[in-house]
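# Chains, contacts and geometry: an overview
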Amino acid sequence: MPLHFPRIAAALDDYLARHPEEGEAVADFEVFLASHKAVFERGHAAGHFTGSAWLTSADGERVLLTHHAKLRRWLQLGGHADGDSELARVALREAEEESGLDELTVEREIFDIDRHRIPARAGEPEHWHYDVRYVVRATGSEDFVVNAESLALAWKPVREIARDPQADDSLRRMAGKWLGRSP
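Read on for an overview of the structure. Only a predicted model underlies this, so the values are computations on that prediction, with no experimental measurement involved.

A separate point is the nonpolar core. One finds Phe49 and Leu55 to be the most contacted residues of the largest nonpolar core, which totals 36 residues. Listed by contribution, the elements that provide at least two residues to this core are α1 (6-18), α2 (23-35), β1 (47-56), α3 (87-99), β4 (104-106), β6 (127-138) and β7 (150-157). No other element matches the six residues that α3 contributes to this core. Apart from residues no more than four positions distant in its own chain, leucine 55 is found in contact with Arg62, Val63, Leu64, Leu77, Ala95, Ser99, Leu101, Leu104, Val136, Arg137, Ala138 and Trp155. Counting residues in hydrophobic clusters, the runner-up holds twelve residues, among them Val63, Val158, Ile161 and Ala167.

Here we take up the pairing of β1. β1 sits mainly inside the fold: ten of its ten residues count as buried. Here β1 shows two buried faces, one formed by Gly47, Phe49, Gly51, Ala53 and Leu55 and the other by His48, Thr50, Ser52, Trp54 and Thr56. Pairing geometry for β1 and β6, over ten bridges, is parallel. Within β6, the residue paired with threonine 56 across the bridge is arginine 137. One ladder, built from four bridges, connects β1 with strand β3 (residues 74-80); its direction is antiparallel. Paired with alanine 53 across the bridge in β3 is leucine 77.

With twelve residues, helix α5 (residues 169-180) extends 17 Å from end C-alpha to end C-alpha; this agrees with the ideal 16 Å at 1.5 Å per step. Buried residues of α5: Ser170, Leu171, Met174, Ala175, Lys177 and Trp178, and no others. One side of α5 carries all its buried residues, which in axial view fall inside an arc of 160°. Structural note: α5 exposes Asp169 and Gly180 on the side pointing more than 90 degrees away from its buried face.

Each value, and the rule that gives it
- Residues numbered from 1 in each chain as written.
- Predicted model: local features only at pLDDT ≥ 70, side-chain atom pairs only at ≥ 80, totals over all residues.
- Heavy atoms only, no water.
- Core = buried A, V, L, I, M, F, W, Y, C linked by side-chain atoms within 4.5 Å.
- Buried < 20%, exposed > 50% of the residue type's maximum accessible area, 1.4 Å probe, protein only.
- Helix = DSSP H or I, 4+ residues; strand = E, 2+ residues; numbered from the N terminus.
- Contact = heavy atoms within 4.5 Å.
- Pairing = 2+ DSSP bridges.
- Expected span 1.5 Å × (residues − 1).
- Arc of directions from axis to C-beta.

Structure representation (structure tokens):
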């Protein structure tokens, strides 16, 4: 177990207990977590941890997605940890910043994990994002504000995402997890 970040290590263990079928992915995250003290820093060249929000409407029927300006795909809200190893806090912060919404709440247990390659761009080499996703709920107004990181934002029905073969694989996986949760 990584000694540098015991909270996230314990959260990954809890996630594995709830999702034993994702053992290989959890093992990859644990190896990366133990690899260096800078894994939460954007400047760590090999890759870094990010925190994302599965931002649901109060009724849980819809999720707020961003049409990401750099990646040009519909994705969940989220971003760099910038040194913060409390990834639930990162997910909440990113959801607030990228949506303009307030009155958001975050669940503290990990909802999903996804490791994905980020392509090289000017001044930034190709690298890995070790994305840890949390459920964030909108409890107030759902009137969002689009910022410079997004081409657009939209509330999408979770059931549609789960059925959409064009949707990002990880979005479909999260939609399936969400729909499979006990009320």
